[in-house]
Amino acid sequence: MSLVPPPPTPSSLSLSPRWLLGPGPSEVHPRVLAAMGRPLVGHLDPEFLTLMDEIQDLLRYVFQTANRLTLAIPGTSMAGMETVLVNLIEPGDRVLVCINGFFGARMQDIAERAGAQVTVIERPYGEVFDPDEVRAALSRMGPKVVAIVHAETSTGAWQPIEEIARIVHEAGGLIALDAVTSLGAIPIEIDAWEIDAVYSGTQKGLSCPPGLAPISLGPRAVEVLNRRKTKVRSWYLDLTMLQRYWGSERFYHHTAPISLHYALREGLAVVVEEGLEARFDRHARNGRALHAGLAAMDLSLVTDPNHRLPQLTCVRIPPGIDDLTVRRRLLQDWGIEIGGGLGPLKGQAWRIGLMGYGARPSSVTLLLAALETCLRDLGYPLEPGAAIQAASAAYAEAGESVMP
Ligand SMILES: *Cc1c(COP(=O)(O)O)cnc(C)c1O
């Protein structure tokens, strides 16, 4: 018998410490890391079932909803996107997808795979949709579902949603919202805005590791789900079964990723302890300080100030500066990860995330110092210390010290 010989015995796992200041994953909160180290219980253990109930209640708080069908899909945020779309769409349904960045384009792909007749309206990267253009598209094609992104992580654009949701309902449609980068970072009110279906992720504003996708469906969406004529085209993501697993029946569907549930529970508990409003204010303050620092370095942002996210900043790479050289230096010399551009912004922009636990003055000042040093080393003319000074002034205006 021939065996594959064992490789040399690996030493125990060791990784360099990092500042995760890109588009995700964000830095995990220490309480979350500690929770993940707790011993496993079984997925049908009464204590785990209580934990699932607790997660649902905590998710209703962060989503600001009373929706019964609120749960966490095993998988990353993309599993949440796919869950919402495949459960609402039946073959032949008309779907309108609003695309102003990389993630809108993925919703189009999933809707098409689910058999929808997809119409797309587009805005250039960095811009947001105006309710009037959505209204015009609705009157042309009368869709069953309109899909739109709240916080476009590829550009840093903050899409106002409330009025668009209203006009989608006037036209008799459902609105499906991508809240992956908004949840836990900027206000989101599922019930007040009457969002029919929403999905998110754990590794951005909630500062948990990737691996679960919180979703919530409102009454109109649940009715559409219950009246389907065809089976949901994905077995694993079929909410008609998943809701029986999360409901009182505890119908076996899959073995829940136990440790990720510990993480999510703890991440959400941290949000409750801080309070949503205080958390949004913190993201806003740190975003303002970062933007002030970048402006002091004469770097321009992809989105204009009226719809700029605090938790994700897309900054244009100045002429003559190589994208990868800077990102490699930030990582190797400073232990800082930021993201590169996506789609048409590849090689043209960097993406800086200040999400959840990462949204704090020490991240902002370290990043500004590191970026200034790298750019100066590469010959880009900058006044030393100007960025930190501008950020400190922004913090002082908000009554906050630059120390963490
Ligand atoms: C990150 C992100 C996703 C995909 O998330 P994964 O966790 O990588 O699957 C989807 N939509 C938006 C807006 C995102 O920022």
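Procedures and definitions
- Residues numbered from 1 in each chain as written.
- Predicted model: local features only at pLDDT ≥ 70, side-chain atom pairs only at ≥ 80, totals over all residues.
- Heavy atoms only, no water.
- Helix = DSSP H or I, 4+ residues; strand = E, 2+ residues; numbered from the N terminus.
- Rg over C-alpha atoms; globule rule 2.2 N^0.38 Å.
- Buried < 20%, exposed > 50% of the residue type's maximum accessible area, 1.4 Å probe, protein only.
- Contact = heavy atoms within 4.5 Å.
- Areas by Shrake-Rupley, 256 points an atom, 1.4 Å probe, with all protein chains shown as cover.
- Lys, Arg positive; Asp, Glu negative; His and termini not counted.
- Charge placed at Lys NZ, Arg CZ, Asp CG, Glu CD.
- Pairing = 2+ DSSP bridges.
- Axes fitted to C-alpha atoms, helices over the stretch in contact; angles between N-to-C directions.
- Near = heavy atom within 4 Å.
- Polar contact = N/O pair within 3.5 Å; in protein donor to acceptor, adjacent residues only side chain to side chain.
- 1 Å grid on protein atoms, 1.4 Å probe; cavity = no way out; pocket = protein on both sides within 12 Å on 5 of 7 lines; lining within 4 Å.
- Sits in = over half its atoms within 2 Å of the grid points.
- Parallel < 35°, antiparallel > 145°, perpendicular 65-115°, else oblique.
- Left-handed = near helix turned anticlockwise from the far one by under 90°.
- Nonpolar A, V, L, I, M, F, W, Y, C, P; charged D, E, K, R; others polar.
- Domains from an automatic or database assignment.
- Buried area = accessible area lost by both parts, 1.4 Å probe.
- Salt bridge = Lys/Arg side-chain N within 4 Å of Asp/Glu carboxyl O.

### Examining the overall build of the protein chain
Piece 1. Scanning the protein chain from terminus to terminus reveals 13 helices and 14 strands.
Piece 2. For 404 residues, the compact-globule formula gives about 22 Å, and the C-alpha radius of gyration of the protein chain, at 22 Å, lands near that figure.
Piece 3. The 404 residues of the protein chain split such that 55% are buried.
Piece 4. Within the protein chain, contacts between residues separated by at least 24 positions form 73% of all contacts whose residues are at least 6 apart in sequence.
Piece 5. For the protein chain, the accessible surface area stands at approximately 17400 Å², while carbon and sulfur atoms represent 53% of it.
Piece 6. Looking at charge distribution, the protein chain has the averaged site of its 36 positive side-chain charges lying 5 Å from that of its 44 negative ones.

### Details of the sheet that holds strand β11 (residues 312–316)
Within a sheet, each strand pairs with its neighbour through backbone hydrogen bonds, oriented either parallel or antiparallel.
Piece 1. Pairing in this open sheet of three strands is antiparallel, and the strands run β11-β14-β13 from one edge to the other. With partners counted over all chains shown, the strands left at the sheet margins are β11 and β13 (339–340), one partner each.
Piece 2. Here β11 runs beside strand β14 (residues 349–353); their pairing, made up of five bridges, is antiparallel. Paired with Thr313 across the two strands is Ile352, which belongs to β14.
Piece 3. Each of β11 and β14 touches helix α10 (residues 276–296); the most contacted strand, β11, lies at about 5° to it.

### Considering helix α6 (residues 162–170)
Piece 1. Residues of α6 that are buried: Ile164, Ala165, Ile167, Val168 and His169.
Piece 2. For α6, the elements touching its buried residues are α5 (131–141), β5 (145–149), β8 (174–178) and α7 (219–226).
Piece 3. Directly after α6, the chain includes Gly172, whose backbone phi takes a positive value near 80°.

### Description of the site of the ligand
Piece 1. The immediate surroundings of the ligand are formed by Thr76, Ser77, Met78, Phe103, Val149, Ala151, Thr153, Asp178, Val180, Thr181, Gln203 and Lys204.
Piece 2. One nitrogen or oxygen atom from the side chain of Ser77 is found 2.7 Å from an oxygen atom belonging to the ligand.
Piece 3. With the chains in place, 89% of the 380 Å² that the ligand exposes on its own is no longer accessible.
Piece 4. Judged by the proximity of its atoms to the pocket grid, the ligand belongs to the second largest pocket.

### Side note on the packing of α10 against helix α12 (residues 361–377)
Working note: a packed helix pair is described by the angle between its axes plus the distance between those axes.
Piece 1. Between α10 and α12, whose axes approach to 10 Å, the crossing angle comes to 15°. Between α10 and α12, the angle falls in the class roughly parallel. Note that α10 runs across α12; the crossing there is right-handed. Here Asn286, Ala289, Leu290, Gly293 and Leu294 of α10 come into contact with α12, specifically with Pro361, Val364, Leu367, Leu368 and Leu371.
Piece 2. Residue classes in the contact of α10 with α12 are distributed as eight nonpolar, two polar and no charged.

### Some points on the domain arrangement of the protein chain
In many reports, interface size means the accessible area that the parts give up when they come together.
Piece 1. Taken domain by domain, the protein chain holds domain 1 (30–272) and domain 2 (276–397).
Piece 2. Computed over C-alpha atoms only, the centres of domain 1 and domain 2 are separated by 29 Å.
Piece 3. If you look at the interface, domain 1 gives 31 residues, while domain 2 gives 22 residues.
Piece 4. Overall, the association of domain 1 and domain 2 removes approximately 2100 Å² of surface from exposure, summing both partners, and the carbon and sulfur fraction of that is 67%.
Piece 5. Across the contact surface, domain 1 and domain 2 share zero salt bridges.
Piece 6. At the boundary of domain 1 with domain 2, the tally comes to nine residue pairs in polar contact (both at pLDDT 80 or more).
Piece 7. Those elements that place two or more of their residues in the side of domain 1 that touches domain 2 are α2 (46–63), α4 (102–113), β6 (151–152), β7 (157–158) and α9 (258–274).
Piece 8. A class-by-class count of the residues in the side of domain 1 that touches domain 2 yields 17 nonpolar, 11 polar and three charged.

### Here's the deal with the environment of Glu27
Piece 1. Relative to the helices and strands, Glu27 is located in the loop between β1 (19–20) and α1 (30–36).
Piece 2. For the pair formed by Glu27 and Asn306, sequence separation is 279 residues and the distance between their alpha carbons is 27 Å.
Piece 3. In contact with Glu27, not counting residues within four places along its chain, are Leu20, Ser207, Tyr357, Gly358 and Arg360.
Piece 4. Within the local environment of Glu27, its side chain forms a polar contact with the side chain of Arg360, the two groups lying 3.2 Å apart.

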